[in-house]
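Spelled out from the first residue to the last, the chains are:
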Amino acid sequence: MQRRLADFASARGWEPYHTPKNLAVALSVEAAELVEIFQWLTPEESAAVMEKPETAHRVADEVADVLAYLLQFCEVLGVDVLDALAAKIERNELRFPVTGPQVSNRHSSE
C-alpha cells in the first residue's frame, strides 16, 4: 500500500508537498473529519454507525484517508509502521501489566 500511495503521488508530482509537516497536518485533518461523524452521537448511536449505509460509507472513507496519510507519513520518514506498533504494544504491556480478574476480554479470539 505504501508503494502504491508513493507511486500515486509521484505520478502527479506531489512529492514536494508531501513533507512530514504537511502529511502530519493532513493526517490530523482527516482524523478530525472522522471524529466529526461521531461528534453529537450517543454512545449507542456511535456503536451502530456502521448499520446505516450512508454513515458506514463516510466512516470507511475517512478511515481510508487517515490510514493513507499515516502510511505516507511513515514512508517519508522511514518509519516501519508495523515495527513501531509492535514496539509500542510491548512497552504498553510493561507499563500496564494485567492484574486481577478482567471485566471483559472481548478480544480474546484475536
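Structure: above.
> For this particular structure, what's the right way to read the pattern of salt bridges?
Side chains that differ in sign of charge can pair as their charged atoms come close. Taken as a whole and assessed by the stated rule, the structure comprises two salt bridges. Asp7 is the partner of Arg3 in a salt bridge, and the nearest nitrogen-oxygen pair spans 3.0 Å. Within this pair, Arg3 and its partner Asp7 are both found in helix α1 (residues 2–11), separated by four residues, close to a single helical turn. Taking the shortest distance from any N to any O, the salt bridge between Glu75 and Arg3 comes out at 3.5 Å. A residue pair is termed long-range when its members are at least 10 positions apart, and Glu75 in helix α4 (residues 53–77) and Arg3 in helix α1 qualify at 72 residues. With a relative accessible area of 36%, Glu75 lands in the partly exposed category. One continuous salt-bridge network, built from bridges that share partners, spans Arg3, Asp7 and Glu75.

Rules of the game
- Residues numbered from 1 in each chain as written.
- Predicted model: local features only at pLDDT ≥ 70, side-chain atom pairs only at ≥ 80, totals over all residues.
- Heavy atoms only, no water.
- Salt bridge = Lys/Arg side-chain N within 4 Å of Asp/Glu carboxyl O.
- Helix = DSSP H or I, 4+ residues; strand = E, 2+ residues; numbered from the N terminus.
- Buried < 20%, exposed > 50% of the residue type's maximum accessible area, 1.4 Å probe, protein only.

That's the geometry; what it means functionally is another story.
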